[in-house]
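Commentary on secondary and tertiary structure
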Amino acid sequence: MTQTHTQIAVIGGGASGMTAAYTAARAGTQVTLLERLPRVGKKLLLTGNGRCNLGNIHRELNHYHGSLPQATQILAQTEPEAFFRRLGVCCRTDPEGRIYPMSNTAASVLDGLRFACDDQGVQTCCDAQVTGMRQDKGGFLLTTPQGVLHAERVIFSAGGYAAPNCGTDGTAMALLRGLGHPVHTPQPALCPIRTDPAAVKALKGIRVHAAVSAILGSKCLRQETGELQFADGTLSGICVFQLSGLAAQYGCKLTVSVDLLPEWSREEAYSTLSELHTKRRKLSLEELLTGMLPKRLGQVLLRRITDAPLTEPASRLSPRQLQQTAQLLKALPFPVTGTAPWQAAQVTMGGIPGSALTDTLESRICPGLYITGEATDLYGDCGGYNLMWAWASGICAGKAAAGSLHRKEHNS
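Residues numbered from 1 in each chain as written. Predicted model: local features only at pLDDT ≥ 70, side-chain atom pairs only at ≥ 80, totals over all residues. Heavy atoms only, no water.

A short note on the pairing of strand β1 (residues 3–11)
Pairing between β1 and strand β10 (residues 147–156): eight bridges, direction parallel. Residue pairing in the sheet places Ile11 in a bridge with Phe156 of β10. Of the strand pairs in this sheet, β1 and strand β2 (residues 31–34) are connected by four bridges, and their pairing is parallel. Counted as the bridge partner of Ala9 is Thr32 from β2. As a crossover connection, the stretch from β1 through helix α1 (residues 15–26) into β2 is right-handed. (Pairing = 2+ DSSP bridges. Helix = DSSP H or I, 4+ residues; strand = E, 2+ residues; numbered from the N terminus. Right-handed = clockwise from strand over helix to strand, strands pointing away.)

Okay, structure coming up:
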C-alpha cells in the first residue's frame, strides 16, 4: 500500500472539517481533507430545511449542553457573518436572532466553503474513509482505501452518530476510542420524543401552539413554547426537540407536560371553560371545546375525564370534571419512553469530554490530534447553535494545528 505525506490531515468533510481545512491552509500549511462519501457537505445541505441556519447572534452558553467549558471562549472568538463574508457568502439575521445566507440556500454556504478550500490549495479526497489511525514518529498514520497517509497533525471532524445517511454513523469514533479517548455515551438529540403510542394514536397529524415542559418528579427541568406536532408514537416540533436531550438523559423517569393554552393562566382557562359549558350545555360533549382546540384533540382530552359517550350533552360534566378538564388544558401529561432513533436526530449528545481536550481542542491523550464539532461532548439548541459550534471549533482547531507546525519549524 502506497504511503503519502501531508502536514495536516482533516478527517471529515462536513461543516467543521471544511472550516478547519480552510483555516489551516489559509495559515500557510499543506492540508489534505478526507471525506468518506463521494461528495463533501451532504449533511450541511439539509440544515435549516435546506436554508442553512448558520448561526445566532445570541451567544450565551446556556444554549449549549455538555462537558466542554472551553466552548465559552472559543465561541466568543467567532463571528460567523464576518467569516462567511470573507468567503463571499452574505448573511442576514431574522427577528429571533437566527443567521441565514442571503441566498436562503444551504448550497451557497457549501459552495462558499468548497471554493475557499480550493482557493487555499486544500487537497480534497472523497471516497476516502479512514479505517485506521495510529500514532507514528512525527505524527500519525491514517489508513484509507487509497493508501496510508502520514500526517504531522490530524483534525478529527468526522461528526457523531446523528443522520447516518449523511455518513455520520459513528463508526469513525472507534478511531478515537482506539487511541484511548474517553467517550461520553452518545445519544440522539434535537429529535422527536417517544411516548406511549396509545396516548397519541388518535392525535396523529395534529399541530397546535403549546408550551411543553420536561417534568422530573415534581420539578420542571425546562419549558419551551412553539408548534407541537403529534406523530406516530412520538411528540415532535422544535419545542419538543429542545427537550430531547433531557429525554435521552432521564428516559422513562421523565414526563412531557403540554400546556394547550400557554397564553392563559389556569384560572383564565377554567373561567373560559365554565362560560363555554354554560353556553353549550345542550350541545354534545364532543362540541364543548370547539373553538378552543382542534376537534380531535378536544375529544381525546375529554375521554381522559369521562367515560360517558361524547354524544351525550355537555351538561353531563360535573363541576369536578370541569375543573379536571381545565387542569388538563394547562397540563396534559405524556409519559416519555425514549427518543427517536439516530435517523431522526439532528445532532449527537455525548462525545469526547472537555477534560480530554485543551483550550485549543487538542487531545491531551494524543498531542497533535485536534477534535471538533459533533465529536466533542457539546451540542446546542435549535436555532443555529450547532453550526455555530462547527464553525467555531473548526476555526479554533485549524489555527491551533497550523500554529503548532509553525512553532515546530521555528524551533528546529
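Side note on helix α4 (residues 106–119)
Spanning 14 residues, α4 covers 20 Å between terminal C-alpha atoms, matching the ideal 20 Å at 1.5 Å per step. Taken together, the buried positions of α4 are occupied by Ala106, Val109, Leu110, Gly112, Leu113, Ala116 and Cys117. Viewed end-on, α4 has its buried residues packed into an arc of 155°, placing them on one side of the element. Of the exposed residues in α4, those oriented more than 90 degrees away from the buried face are Phe115 and Asp119. Lining the buried residues of α4 we find α1, α3 (80–86), β6 (98–101) and α12 (385–411). Within two residues after α4, Gly121 carries a phi angle of roughly 85°, on the positive side. (Expected span 1.5 Å × (residues − 1). Buried < 20%, exposed > 50% of the residue type's maximum accessible area, 1.4 Å probe, protein only. Arc of directions from axis to C-beta. Contact = heavy atoms within 4.5 Å.)

Quick word on the layout of surface pockets
Considered as a void within the structure, the second largest pocket measures approximately 390 Å³ in volume. Gln77, Thr78, Ile395, Cys396 and Lys399 are, among the 19 residues lining the second largest pocket, the residues nearest its centre. Going through the elements one at a time, α1, α2 (71–76), α3 and α12 are the ones with two or more residues in the lining of the second largest pocket. Counting residues per element, the lining of the second largest pocket draws most heavily on α12, at five residues. The residue inventory of the lining of the second largest pocket, partitioned by class, reads eight nonpolar, six polar and five charged. (1 Å grid on protein atoms, 1.4 Å probe; cavity = no way out; pocket = protein on both sides within 12 Å on 5 of 7 lines; lining within 4 Å. Points joined across faces, edges and corners; volume = space filled by probe spheres on them. Nonpolar A, V, L, I, M, F, W, Y, C, P; charged D, E, K, R; others polar.)

Structural notes on helix α10 (residues 295–303)
All buried positions along α10 are accounted for by Leu297, Gly298, Gln299, Val300, Leu301 and Leu302. On the buried face of α10, the contacting elements are β13 (207–216), β14 (219–230), α11 (319–330) and β17 (332–339).

Re the sheet that holds strand β3 (residues 55–56)
Reading across from one edge, β3-β6-β5 is the order of the three strands in this open sheet, with antiparallel pairing throughout. Strand pairing shows two members of the sheet lacking a second neighbour, β3 and β5 (91–93), which therefore form its edges. Sheet topology places β5 next to β6; three bridges connect them, and they run antiparallel. Residue pairing across strands places Thr93 opposite Ile99, the latter belonging to β6.

Structural notes on the pairing of strand β9 (residues 139–144)
In terms of residue burial, β9 counts as a mostly covered element, since five of its six residues are buried. Note that strand β8 (residues 132–136) and β9 share five bridges and pair antiparallel. In the strand pairing of β9, Met133 is matched with Leu142. The turn joining β8 and β9, which pair antiparallel and follow one another in sequence, is formed by two residues; a positive phi near 85° is taken by Gly138. As judged from the five bridges shared by β9 and β10, these two strands associate in the antiparallel manner. Among the inter-strand pairings, Thr143 is bridged to a residue of β10, identified as Val148. The hairpin formed by β9 and β10 contains two residues between the paired strands.

Examining the packing of aromatic side chains
A ring pair, where both rings are aromatic, is described by two values, the distance of the centres and the angle of the planes. Counted by the stated rule, this structure contains six aromatic pairs. Measuring from ring centre to ring centre gives 5.8 Å for Tyr64 and Tyr385, while their planes differ by 85°; the resulting arrangement is edge-to-face. Remark: Tyr385 occurs in helix α12 and Tyr64 occurs in strand β4 (residues 64–66); sequence separation between them is 321 residues. Here the aromatic rings of Phe83 and Phe84 are separated by 5.1 Å at their centres, their planes lie at 85°, and the arrangement is edge-to-face. No difference in accessibility class separates Phe83 from Phe84, as the two residues are buried. One aromatic cluster is present, formed by Tyr22, Phe83, Phe84 and Trp391 through successive ring pairs. Sitting over the face of the ring of Phe334, Arg304 holds its NZ or CZ atom 5.2 Å from the ring centroid. (Phe/Tyr/Trp six-rings, centres within 6.5 Å; stacked < 30°, edge-to-face > 60°. Lys NZ or Arg CZ within 6 Å of the ring centre and 35° of its normal.)

Quick word on the sheet that holds strand β16 (residues 254–259)
Pairing between the strands of a sheet comes from backbone hydrogen bonds, and it takes one of two forms, parallel or antiparallel. Strand order around the closed barrel formed by six strands is β12-β15-β14-β13-β16-β17, with antiparallel pairing between neighbours. Taken pair by pair, the neighbouring strands of this sheet meet at an average axis angle of 50°, ignoring direction. Summarising the sheet, β14 and strand β15 (residues 234–236) pair through two bridges and their orientation is antiparallel. Considered in β15, the bridge of Phe230 is made with Leu235. Along the sheet, α11 contacts β16 and β17; its crossing angle with β16, the most-contacted strand, is approximately 105°. (Axes fitted to C-alpha atoms, helices over the stretch in contact; angles between N-to-C directions.)

Things to note about the environment of Asp381
With respect to the element layout, Asp381 can be found in the loop between β20 (378–380) and α12. Judged by relative accessible area, Asp381 falls into the buried class, the value being 4%. Asp381 sits 33 residues away from Thr348 along the chain, and the two C-alpha atoms are 12 Å apart. Setting aside anything within four residues of it in sequence, one finds Asp381 in contact with Asn62, His63, His65, Leu190, Arg222, Gln242 and Asn386. Side chain to side chain, Asp381 and His65 meet in a polar contact 2.8 Å long. (Polar contact = N/O pair within 3.5 Å; in protein donor to acceptor, adjacent residues only side chain to side chain.)

So far we have only geometry, and geometry alone does not tell us how the molecule works.
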